[in-house]
Amino acid sequence: MRKPLLVTLLALLASGCMVGPDYVRPPVDTPAGWRLSEQDARDLANTPWWEQLNDPVLNDLVTTALRENKDLMIAAARVEEFAGNYGFVRSGLFPQIGAGYDARRQRDVSAVVIGAGSGQTYNSYNAVLNASWEIDIWGRIRRQTEAARAQLLASEEGRRGVILSLVGSVAGAYINLRNLDRQLEIARETAKSRGESYELFKLRFEGGIISVLELSQNRSQYEEALATIPPLQKAIAQQENGLSVLLGRNPGPILRGKTIDQLALPAIPAGLPSDLLERRPDIRRAEQNLVAANALIGAAKAAYFPTISLTGLFGYSSTSLSNLFNSQNKVWNYGSPISMPIFTAGAIAGQVQAAEASQQQALFAYQKAIQEAFREVNDSLISQDRTREQLKVQKRQVEALQQYSATARLRYDNGYTSYIEVLDAERSLFNVQLQYTQTQQVEFQAMINLYLAMGGGWVNEAEKVTDAVARTDGGVAQ
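Rules used in this analysis
Residues numbered from 1 in each chain as written. Predicted model: local features only at pLDDT ≥ 70, side-chain atom pairs only at ≥ 80, totals over all residues. Heavy atoms only, no water. Axes fitted to C-alpha atoms, helices over the stretch in contact; angles between N-to-C directions. Helix = DSSP H or I, 4+ residues; strand = E, 2+ residues; numbered from the N terminus. Parallel < 35°, antiparallel > 145°, perpendicular 65-115°, else oblique. Left-handed = near helix turned anticlockwise from the far one by under 90°. Nonpolar A, V, L, I, M, F, W, Y, C, P; charged D, E, K, R; others polar. Phe/Tyr/Trp six-rings, centres within 6.5 Å; stacked < 30°, edge-to-face > 60°. Buried < 20%, exposed > 50% of the residue type's maximum accessible area, 1.4 Å probe, protein only. Salt bridge = Lys/Arg side-chain N within 4 Å of Asp/Glu carboxyl O. Polar contact = N/O pair within 3.5 Å; in protein donor to acceptor, adjacent residues only side chain to side chain. Contact = heavy atoms within 4.5 Å.

**A word on the packing of helix α9 (residues 281-301) against helix α10 (residues 347-413)**
In the contact formed by α9 and α10, the axes pass within 8 Å of each other and the chain directions differ by 165°. Between α9 and α10, the interaxial angle falls into the category roughly antiparallel. The crossing of α9 and α10 is left-handed. Residues that form the contact of α9 with α10 fall into these classes: 17 nonpolar, five polar and three charged.

See below:
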């Protein structure tokens, strides 16, 4: 009887009978194209886009961040945590074998209890091997293993998502730093020019050429330029501190490379909406979470069915250590315990309901991640296109105000107009110069956002840096 039963159990196990739904990727409503088509888009999905800015300092900063950033280290350690959990859950598919040794001295008090004497004192020694194996007929352990594997893959995609975000944050922070540097340069140049003008106006006032009104107007303009410098200096220092933390360093100064005017704008990346399902780490992570939640439904439903195990023990037991391993002291047993729930007051039904609800949450999160990805790409395409047009207009505006300022100064020097016209021209020019620089930063950031929204194999290129560091430093290697 024992042999046919074992054969039957193994046959059921080999048949792959697993309760619960098998995962099927949900249908996705993918648009045929983007709202804004780009004729100049290029297939750069696998290219390290930050290198297109042609700034070696920025390249070094990105490399440093990929080596030292603490959030990335946390994400790598989280992957190791889920890898360990996957190994732990998967071990349930295999027989578990253990060994034990026991040595004790004890007194048998049974004789005292029945009033037959003072009992007997003796030694006992035991050495055994034990084994157990749960026959996973209904797929509970296999579903749990499937879920653990999906959670491991989701954590890996989470790490890749950190890489994607980190590279974008470093590039964006550096470009904003160069934007602030340029604004500070404009403010200092303007303050210097206005300071020289103010010194000249003081001499003219002392000579009785101009009135106190004109002197006060000129001084107000000079002080206005000076007032813009401290806030910019504060913003630069804070930007350097933030970028330092991204690099895994304590707050401090940041090395500069090219100016914002010298940076090259990356090309527009190409890609279809359907590409995002495979290129975006956040979407792949959401799908793996859905796979895990789907598998756990089967694990919960398996609790309705009997649990069947094979157990066995072989060893020796003796009251004397010297003859412990004699053949007459052998002990052994084997069996096949079966347990099945009869009444649980809704406990299993509640677990199944919770698992199904978790699967629905994961499904909606997956669908939302896809919709958010489509929105982010469309927003980034529109932003870079409109910002590019805005920058062209502002450049023409700067050129017009430069001519206006020079003309107003000339008219004032020749007595054709009041100093109010000069004030208006120079104030407008100063403000538009600052706005133009800020728009340059917005254009770069829009392009960075587009690369982040598109995803792509460039994350693999960045990932190679972190893997190389992990192997070199003895860290967490993936």
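On we go from here.
**Re the packing of aromatic side chains**
One pass over the structure, following the stated rule, counts ten aromatic pairs. Pairing W49 with W458 gives two aromatic rings, centres 5.9 Å apart and planes at 85°, and the pair type is edge-to-face. Of this pair, W49 sits in the loop between α1 (2-14) and α2 (56-68) while W458 sits in helix α12 (residues 458-473), and the two are 409 residues apart along the sequence. Each member of the pair W49 and W458 is classed as buried. Centre to centre, the rings of W50 and W458 are 5.9 Å apart; their planes meet at 75°, and the pair counts as edge-to-face.

**A look at the pattern of salt bridges**
Inspection of every chain in the model, using the stated rule, returns 33 salt bridges. Across the pair R104 and D102 runs a salt bridge, and its minimum N-O distance is 3.0 Å. Overall, the relative accessible area of 46% leaves R104 in the partly exposed class. In this structure D102 comes out as partly exposed when scored by relative accessible area, which is 24%. Through salt bridges that share partners, E156, E157, R159, R160, R284 and E463 make up one connected network.

**Re the side chain of Q52**
Tracing the sequence through the fold places Q52 in the loop between α1 and α2. Here A267 takes part through its backbone nitrogen, which lies 2.9 Å from a polar atom of the side chain of Q52. Only 3.3 Å separates the side chain of Q52 from the side chain of Y451, close enough to count as a polar contact. Setting aside anything within four residues of it in sequence, one finds Q52 in contact with L44, T47, A264, P266, A267 and Y451.

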